[in-house]
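Tertiary structure, described
Each chain is listed here by its residues.
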Amino acid sequence: MFRQLHRWTSLPLILFLLLVTATGVLLQFEELEHLGGEERGAPPETTAMPADAAIAAQLSNALAKAREAEPEFRPTRIELGIVEGRQTTRLAAQPRGGPFVEVDHASGKVRAEMNPEMPLHVILIRLHTGSLFGGFGIVVILLSSLVLLFLAVSGAVLYWQMWTNRKSRGMPKLFWK
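Residues numbered from 1 in each chain as written. Predicted model: local features only at pLDDT ≥ 70, side-chain atom pairs only at ≥ 80, totals over all residues. Heavy atoms only, no water.

**Topic: the overall build of the protein chain**
Check the secondary structure of the protein chain and you find four helices and four strands. Counting from the amino terminus, the protein chain carries its helices and strands in the arrangement α-α-β-β-β-β-α-α. Here the protein chain holds 177 residues, and 23% of them are scored as buried. Once local pairs closer than 6 in sequence are excluded, the contacts in the protein chain between residues at least 24 apart make up 42%. Carbon together with sulfur atoms contributes 65% to the accessible area of the protein chain, which is approximately 12600 Å² in total. (Helix = DSSP H or I, 4+ residues; strand = E, 2+ residues; numbered from the N terminus. Buried < 20%, exposed > 50% of the residue type's maximum accessible area, 1.4 Å probe, protein only. Contact = heavy atoms within 4.5 Å. Areas by Shrake-Rupley, 256 points an atom, 1.4 Å probe, with all protein chains shown as cover.)

Shown next as structure tokens:
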């Protein structure tokens, strides 16, 4: 029975395994492209970072400007950044790649994108995690991952049983045809 359960649960999961593997491989190719160049996490060349009070004032200013630009916009994430030596604040909504309002503190310019084009990287991450399909997709990927974990453990148990059975019959090879 254990062997049949192992087989029948593995068949439908092949599609999910292919999806997660393919998107993971594509994301890794993206990472390889960044190896030759400058590290993405390297600190930018800027003057001194602002004090906490200045950052709080910038956030307040960014939120006020975002509300002016898009009164119905409800941010769920705040990103402080330095782009080309200029301090920016981005107020964004979930999920990544969704709507955002960005304020450039040096010029005071506000850029609001309520329907931005989602970059390929974000699409791959959302497909890889299942979030591209909403809560249902996340649950499916989570359950698929748990079943794949079960398959790995049950496969090891089945192999152990077959190996001990063969060993008791005088065929102690670890691998066989």
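**A few points about a nonpolar patch on the surface**
Residues Val139, Leu142, Leu143, Leu146, Leu149, Val153 and Val157 make up a contiguous nonpolar surface patch of roughly 620 Å² in combined accessible area. Looking at where Leu143 falls in the secondary structure, it is placed in helix H4 (residues 134-168). What makes Leu143 partly exposed here is its relative accessible area of 48%. (Patch = residues over 30% accessible without salt bridge, like charges linked within 9 Å, V, L, I, M, F, W, Y side chains within 5 Å. Salt bridge = Lys/Arg side-chain N within 4 Å of Asp/Glu carboxyl O.)

**As for the pairing of strand S2 (residues 86-92)**
Within a regular beta strand, the side chains point alternately toward one face of the sheet and then the other, so they alternate between its two faces. As defined by bridge partners, strand S1 (residues 77-83) adjoins S2 across seven bridges and the pair is classed as antiparallel. Paired with Val83 across the bridge in S2 is Arg86. Counting the residues between successive antiparallel strands, the hairpin from S1 to S2 contains two residues, one of them, Glu84, with a positive phi of roughly 50°. Where S2 lies against strand S3 (residues 100-104), five bridges are found, and the strand directions are antiparallel. Bridge pairing in S3 places Leu91 opposite Val101. (Pairing = 2+ DSSP bridges.)

**With respect to the pairing of S3**
In terms of burial, S3 is a largely internal element, five of the five residues being buried. Burial along S3 is two-sided: the face carrying Phe100, Glu102 and Asp104 and the face carrying Val101 and Val103 are both buried. Bridge count for S3 against strand S4 (residues 110-113) is four bridges, and the pairing is antiparallel. Across the sheet, the residue bridging to Phe100 is Glu113, located in S4.

**Side note on the environment of Leu124**
Of note, Leu124 is situated in helix H3 (residues 120-129). Among the residues examined, Leu124 registers a relative accessible area of 8% and is labelled buried. For the pair Leu124 and Thr23, spaced 101 residues apart in sequence, the C-alpha to C-alpha distance is 5.8 Å.

**Let's talk about the packing of aromatic side chains**
Taken as a whole and judged by the stated rule, the model has one aromatic pair. For the pair Trp160 and Trp163, a centre-to-centre distance of 5.3 Å together with 45° between the ring planes defines the contact as tilted. Here Trp160 pairs with Trp163, and both are found in helix H4, just three residues apart, close to one helical turn. Of the residues examined, Trp160 reaches a relative accessible area of 53% and is grouped as exposed. (Phe/Tyr/Trp six-rings, centres within 6.5 Å; stacked < 30°, edge-to-face > 60°.)

**Describing the environment of Phe175**
Along the chain, the position of Phe175 falls in the segment after H4. Phe175 sits in the exposed class, given a relative accessible area of 64%. Between the alpha carbons of Phe175 and Tyr159 there is a distance of 9.9 Å; along the sequence they are 16 residues apart.

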